[in-house]
2 protein chains.
Amino acid sequence: MSSTNEILPSQVTKATIITIGDELLIGQVIDTNSAWIAQQLNLIGIQVTKRLAVGDVWEEIWQAIDAEMTVADILILTGGLGPTADDITKPLLCEYFKGKLVRHQPTYEHLQVLFDSVLKRPFTERNQLQALVPDTCDVLLNQVGTAPGMFFKKQQTWLFSLPGVPFEMKWLMQHEVLPMIQREFVGKCIQHKTLLTAGVGESFLADMVSNYEQQLPQQIKMAYLPNFGMVRLRLTCSGTHEQEVNQQITAAFEQLKEIVAPYLVADQDISLQQAVANLLSQQGATLATAESCTGGYIAHLFTAMSGASHYFKGGVVSYSNEIKESLLHVHNQTIEKEGAVSEATVKEMVIGAIEQFGSTYAVAVSGIMGPDGGSENKPVGMAWIAVANQKMIRTKQLFNRFAREKNIQITANHAINMLRMLIVDNR
Amino acid sequence: MSSTNEILPSQVTKATIITIGDELLIGQVIDTNSAWIAQQLNLIGIQVTKRLAVGDVWEEIWQAIDAEMTVADILILTGGLGPTADDITKPLLCEYFKGKLVRHQPTYEHLQVLFDSVLKRPFTERNQLQALVPDTCDVLLNQVGTAPGMFFKKQQTWLFSLPGVPFEMKWLMQHEVLPMIQREFVGKCIQHKTLLTAGVGESFLADMVSNYEQQLPQQIKMAYLPNFGMVRLRLTCSGTHEQEVNQQITAAFEQLKEIVAPYLVADQDISLQQAVANLLSQQGATLATAESCTGGYIAHLFTAMSGASHYFKGGVVSYSNEIKESLLHVHNQTIEKEGAVSEATVKEMVIGAIEQFGSTYAVAVSGIMGPDGGSENKPVGMAWIAVANQKMIRTKQLFNRFAREKNIQITANHAINMLRMLIVDNR
């Protein structure tokens, strides 16, 4: 791009992300692509000032591109590149950038190999169309899929068009788009630091840090990101010199950590379960789960993280009472007398889990997540949690009033935070 | 709104969703709100033509609102209404709609009760600020949270400002916004019908339905929504008379179902696991899971659905080999000889699960999800799946090449589809 030298260091390079597809507008698909792209651009100091979703409608896409071409330095489009009739991004870009469709030989050959040897499916005429690209673009060869990426320039502005399949989009971003942007744009330096708190409300936290916030230098901004019982605090610092920015944000972050110390879970942007995993690894301790109402969700949260096999022994999803008895050795009379959702039952569940799995710690949950199954004494949203090691059991009763899926998530978060506090106290 | 009568029945009411918050632009938070809002608006025939995310920056928000006020009939804003300094939506709307901030007494009283009796936290000055609203808006009382919703009109356009907390946003949408929109706007009628296929690629499917698609009347559009081994096909039909639209889309949908019959999982927009749940309920059959590499994710997918307790007996997350032996009765020598990730092991796991849980069907999975733990013979992404009932066991080996979380999701989907086919064949 000829204008690179015209970008002064104090100007921030601005990017807009445009996602294309009706499914994003009728809410059938949740857009995770643009969050990921924004994250990656931010890491290299490019500021995403707008994210936009439009349907598979020629005029809407055209207008969105046309408007953003005048205000953004970089446009990233995803979607609408498939082989089917509702995918119109390629012909539209061809017309917008005044080109004509020509065959891109490397893409054609890549597709031929892909269909013949990997997919072992006929390389139909429809699939061959995927090798056509506007002659006004540079092709970004998509080595992990069928639709090629495209790169267009117009005056000062760069436009990348990428497939909407997350895996292919990410591959092209990492191998083509991000390196190109990093080479060409000298952006203003932006740094973020995030900490995680649990067990404190947003407005109470706001009062705690109010004085601190007012005294922050103007280049540092603070944001509150609440999420059911947890609040993330994020500092953002911008400047022209990386080292200076780093010093400023580090000093401010250390101060903030001290202020919120009683509720601090982690001084990184990690999940609650990652914080617990770190503590377990430090202690060389292990974990087992006994889940009724959370139905395997707690086990999933841990096993979705790489390295889980080092500390996670396993779990039982004891959805029926017989399984609570046969696999976790809960006494039949406990369930008869106190009920499956009771303090006595989760206590026996957590002890049973430690015995069965031979783990250092265990967590057990039993509750009613709804929408059905509640009663006057045990309403929907009620849950009992127990956490334990060989020496100690702690229990807690929760009342939530949300939809089933949220009740499951909140109950799981609460249980994991109780586990965290038990592990911290046994350090 | 004075212009209601000017909306001709053939005009579609257009809505734009604007989500506000830096966290959406740096990718820290995935935007699920706007997908949900779009879904709800679509259900009442309002077309969302654009979704937009902007940061906590005065000019950006102002420009986005100003631009959309001229093209949309309805604007829905979420976020930026909290009690903290980075929340600027309210003062901005106050200035934009030329008002001044005044206390809204019902909100003030609601907050007082909330803090005194429910939250049992001091009703601080900062929290009292939440009761201030521009005198140019109608307040939408937020009975489930602290930040009130606001409704502004300007000429032909309606603007709603809602809190970003999903639960509060949804409550206000359902109790205030959607009823208001439904009462006032006579939209064009839009209907969607979606079916789910599994085990067939998008382009192969496209060739199957190519003739059909070309012969569709112009008011019917078809979209492909691929999602790792599954493809949803969605028909959208628009018109002015509900009955006519319904007849047309129903006829086209029946035809489509016949064409894709060999791969059809469901003729509704449901998940694969919901299809399996329906089949189990029809048969009065039950299910158990034995998961190693998917770590409870399959159990979670089933138990996240209401009514799971009717057919889901439970599961074991057998992350360590000892647990495969002690809880699922896998023979020690099988693991020694064939390894934990082998056909022999998943076969014994699935039999063990049926025995332990006394279920009609079971599914077992063992694999290497990465990023570590792979070897030449058993690379990362390799997994064995077994599904069984009392009479029959089926197994399958998978090779995936994605990141851990995607490997888990795809493996789970595959396993659930195998389970579906076994249940269908035993009907």
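Residues numbered from 1 in each chain as written. Chains lettered and ligands numbered in written order. Predicted model: local features only at pLDDT ≥ 70, side-chain atom pairs only at ≥ 80, totals over all residues. Heavy atoms only, no water.

1. Some points on the overall build of chain A
For clarity, the cut-off: A helix here means a DSSP run of H or I that spans at least four residues, while a strand means a run of E at least two residues long, and both kinds are numbered starting from the N terminus. Burial status follows relative accessibility: with a 1.4 Å probe on protein chains alone, a residue under 20% of its type maximum counts as buried, one over 50% as exposed, and anything between as partly exposed. Should any heavy atoms of two residues lie within 4.5 Å, those residues are counted as being in contact. Only four residue types enter the charge count: Lys and Arg as positive, Asp and Glu as negative, with His and the chain ends excluded. Where a charge sits is defined by one atom per residue type, namely NZ (Lys), CZ (Arg), CG (Asp) or CD (Glu).
Within chain A one finds 15 helices and 17 strands. Referenced to the eigenvectors of the C-alpha coordinate spread, the extents of chain A come out at roughly 80 × 60 × 40 Å. Relative to its 427 residues, chain A shows a buried fraction of 58%. Contacts spanning at least 24 positions in sequence make up 67% of the contacts within chain A whose residues lie at least 6 apart. Where the 33 positive side-chain charges of chain A centre and where its 42 negative ones centre are 4 Å apart.

2. Details of the relation of the copies chain B and chain A
Rules: Our superposition of the copies is a least-squares fit, built on the C-alpha atoms of residues whose pLDDT is at least 70 in both.
Of the two same-sequence chains, chain B is brought onto chain A (RMSD 0.1 Å, axial shift 0.0 Å) by a rotation of 180°. Both copies of the chain, as the preceding transformation shows, are related through a two-fold rotation axis.

3. Brief notes about the sheet that holds strand S3 (residues 74-78) of chain B
Here is the rule we go by: A pair of strands is treated as paired once DSSP finds two or more bridges between them. Every axis in this analysis is a line fitted to C-alpha atoms, fitted for helices over the stretch in contact. Angles between the N-to-C directions lie between 0 and 180 degrees.
In spatial order, the strands read S6(A)-S7(A)-S8(A)-S3(A)-S1(A)-S2(A)-S2(B)-S1(B)-S3(B)-S8(B)-S7(B)-S6(B); together these 12 strands make up an open sheet with mixed pairing. In the strand order of this sheet, the two ends are held by strand S6 (138-140) of chain A together with strand S6 (138-140) of chain B, each with one partner. With strand direction ignored, the average angle separating the axes of adjacent strands in the sheet is 20°. Sheet topology note: the S6 of chain A/strand S7 (residues 149-154) of chain A ladder contains three bridges and is antiparallel. Looking across to S7 of chain A, one finds that Asp-138 of chain A is bridged to Phe-151 of chain A.

4. Comments concerning the domain arrangement of chain A
Let me state the cut-off plainly: Segmentation into domains, and thus their bounds, comes from an automatic or database assignment.
According to the domain assignment, chain A contains domain 1 (9-184), domain 2 (189-266) and domain 3 (272-425). Measuring from the centre of the C-alpha atoms in domain 1 of chain A to the corresponding centre in domain 2 of chain A gives 35 Å.

5. Some points on the interface of chain B and chain A
Threshold: A simple way to read buried area is as the amount of 1.4 Å-probe accessible surface that goes missing from two parts once joined, with both sides added. Put simply, a salt bridge is a Lys or Arg side-chain nitrogen that is within 4 Å of an Asp or Glu carboxyl oxygen. Think of a polar contact as two N or O atoms within 3.5 Å of one another; within protein, one of them needs to be a possible hydrogen donor and the other a possible acceptor, and neighboring residues in sequence only count if both atoms come from side chains.
On the side of chain A, 86 residues touch chain B, which itself brings 86 residues to the contact. Around 7100 Å² of area is buried between chain B and chain A when both sides are counted, 57% of it from carbon and sulfur atoms. Glu-322 of chain B is the salt-bridge partner of Lys-313 of chain A, the closest N and O atoms lying 3.5 Å from each other. At the boundary of chain B with chain A, the tally comes to 30 residue pairs in polar contact (both at pLDDT 80 or more). By the bridge criterion, five bridges tie strand S2 (residues 47-54) of chain A to strand S2 (residues 47-54) of chain B in an arrangement that is antiparallel. Across the sheet, residue Leu-52 of chain A finds its bridge partner in S2 of chain B, namely Leu-52 of chain B.

6. Some thoughts on unusual backbone geometry
Residue and element names in this part refer to chain A. The amide bond that connects Gly-370 to the next residue, Pro-371, takes the cis arrangement and shows omega of -5°. Of note, Pro-371 is situated in the loop between strand S15 (361-367) and strand S16 (382-388). Despite not being glycine, Gln-155 has its phi angle at roughly 50°, a positive value.

7. A look at the packing of aromatic side chains
Residue and element names in this part refer to chain A. Rule in force here: Two aromatic rings, drawn from Phe, Tyr or Trp (for Trp, its six-membered ring), form a pair once their centres lie within 6.5 Å of each other, and the interplanar angle then sorts them: stacked below 30 degrees, edge-to-face above 60, tilted otherwise.
Considering all chains together, one arrives at 24 aromatic pairs over all chains under this definition. Judged by centre distance (4.3 Å) and plane angle (10°), the rings of Phe-97 and Phe-152 are stacked. Residue Phe-97 is found in the loop between helix H4 (89-96) and strand S4 (101-103), and its partner Phe-152 is found in strand S7; the two are separated by 55 residues along the sequence. For Phe-152, a relative accessible area of 1% translates into the label buried. Relative to Phe-160, the ring of Trp-158 lies with its centre 6.0 Å away and its plane at 70°, an arrangement referred to as edge-to-face. On the basis of relative accessibility, which here comes to 0%, the residue Phe-160 falls in the buried class.

8. Notes on the environment of Ile-26 of chain B
Structurally, the position occupied by Ile-26 of chain B is in the loop between helix H1 (22-25) and helix H2 (33-43). Separated by 152 residues in sequence, Ile-26 of chain B and Leu-178 of chain B place their C-alpha atoms 30 Å apart. Those residues in contact with Ile-26 of chain B, other than ones at most four positions away along the chain, are Ala-38, Gln-39, Asn-42, His-192 and Arg-234 of chain A.

9. Structural notes on helix H7 (residues 166-184) of chain A
All names here are of chain A. The cut-off we apply is this: One less than the number of residues in a helix, times 1.5 Å, gives the span that helix is expected to have. The bend at a residue is defined as the angle formed between two axes, one fitted to the seven residues ending at that residue and one fitted to the seven starting there.
Under the 1.5 Å per step criterion, the end-to-end length of H7 is 25 Å for 19 residues, consistent within 8% with the ideal 27 Å. Most pronounced at Met-173, the bend in H7 amounts to some 50°. Those residues of H7 hidden inside the fold are in contact with helix H2 (33-43), strand S3 (74-78), S6, S7 and strand S8 (157-162).

10. As for the pattern of salt bridges
Close approach of charged atoms allows side chains of opposite charge to pair. Under the counting rule described, the total for this entry stands at 23 salt bridges over all chains. The salt bridge involving Asp-31 of chain A is made with Arg-51 of chain A; its shortest N-O contact spans 3.8 Å. In this pair, Asp-31 of chain A is assigned in the loop between helix H1 (22-25) and H2 and Arg-51 of chain A in strand S2, connecting sequence segments 20 residues apart. On the basis of relative accessibility, which here comes to 6%, the residue Asp-31 of chain A falls in the buried class. For Arg-51 of chain A, a relative accessible area of 4% puts it in the buried group. Salt bridges sharing partners connect three or more residues here, namely Asp-22 of chain A together with Lys-221 and Arg-234 of chain B.

11. Considering the pairing of strand S14 (residues 312-317) of chain A
Condition: Every crossover in which the path from the first strand over the helix to the second runs clockwise, viewed with the strands pointing away from the viewer, is termed right-handed.
For S14 of chain A, a buried count of six out of six residues is recorded, marking the element as mostly surrounded by other parts of the structure. Bridging between strand S13 (residues 287-291) of chain A and S14 of chain A involves five bridges; their strand directions are parallel. Its bridge partner being in S14 of chain A, Glu-291 of chain A is matched across the sheet by Val-317 of chain A. A crossover connection joins S13 of chain A to the parallel S14 of chain A through helix H11 (residues 297-303) of chain A; in handedness this β-α-β unit is right-handed. Note: S14 of chain A against strand S14 (residues 312-317) of chain B, three bridges, orientation antiparallel. Counted as the bridge partner of Val-316 of chain A is Val-316 of chain B from S14 of chain B.

12. Topic: the confidence of the model for chain A
Residues and elements named next belong to chain A. Threshold: Scored from 0 to 100, pLDDT reflects the predictor's confidence in each residue.
Of the residues in chain A, 97% have a pLDDT of 70 or more, and the chain-wide mean is 89. Note that residues 1-10 has pLDDT below 50 and, in this model, 15 contacts with residues that lie over four places away or in other chains. The ipTM assigned to the predicted complex is 0.71, against a pTM of 0.72.

13. As for the pairing of S3 of chain A
Residue and element names in this part refer to chain A. The element S3 is extensively covered by neighbouring structure, given that five of its five residues are classed as buried. The two faces of S3 match: Ile-74, Ile-76 and Thr-78 on one face and Leu-75 and Leu-77 on the other face are all buried. In this sheet, S3 lies alongside strand S1 (residues 14-20) in parallel orientation, the contact comprising five bridges. Bridged to Thr-16 within S3 is Leu-75. Where S3 and S8 come together, five bridges link them in parallel fashion. Its bridge partner being in S8, Ile-74 is matched across the sheet by Trp-158.

14. A closer look at the environment of Leu-205 of chain B
All names here are of chain B. Among the structural elements, Leu-205 can be located in helix H8 (residues 202-214). The spatial distance from the C-alpha of Leu-205 to the C-alpha of Tyr-263 is 9.3 Å, given a sequence separation of 58 residues. Residues within four places of Leu-205 in sequence aside, it is in contact with Thr-197, Val-200, Val-231, Leu-233 and Val-260.

15. Digging into the packing of helix H10 (residues 272-283) of chain A against helix H15 (residues 404-425) of chain A
Helix packing geometry: the angle between the two helix axes and the distance between the axes. Residue and element names in this part refer to chain A. Applicable threshold: Roughly parallel refers to an angle under 35 degrees, roughly antiparallel to one over 145, roughly perpendicular to one between 65 and 115, and oblique to any angle outside these ranges. Crossing handedness: left-handed means the near helix sits turned counterclockwise from the far one by under a right angle, and right-handed means the same turn made clockwise. Under the grouping applied here, Gly and all other residues not named as nonpolar or charged are polar, the nonpolar ones being Ala, Val, Leu, Ile, Met, Phe, Trp, Tyr, Cys and Pro and the charged ones Asp, Glu, Lys and Arg.
Following both chains from N to C, one finds H10 and H15 inclined at 30°, their axes separated by 10 Å at the closest point. Overall, the two elements H10 and H15 adopt an arrangement that is roughly parallel. Every pair of crossing elements has a handedness; the one defined by H10 and H15 is left-handed. Listed contacts from H15 to Leu-272, Gln-273, Val-276, Leu-279, Leu-280 and Gln-283 of H10 are Asn-413, Ile-416, Asn-417, Leu-419, Arg-420, Ile-423 and Val-424. When the residues that make up the contact of H10 with H15 are grouped by side-chain class, the tally is eight nonpolar, four polar and one charged.

16. Overview of the side chain of His-300 of chain B
Note on placement: His-300 of chain B falls in helix H11 (residues 297-303). By relative accessible area, which is 10% here, His-300 of chain B ends up buried. With sequence-adjacent residues up to four places away left out, His-300 of chain B is seen in contact with Gly-295, Gly-296 and Tyr-297 of chain A.

17. A word on the packing of helix H3 (residues 58-71) of chain B against helix H4 (residues 89-96) of chain B
All names here are of chain B. One way to put it is that H3 packs onto H4 with a least axis distance of 11 Å and a crossing angle of 50°. As judged from the angle between their axes, H3 and H4 are oblique. The way H3 lies across H4 gives a crossing that is right-handed. Side by side, H3 and H4 meet where Trp-58, Ile-61, Trp-62, Ile-65, Asp-66 and Met-69 of the first sit next to Pro-91, Leu-92, Leu-93, Glu-95 and Tyr-96 of the second.

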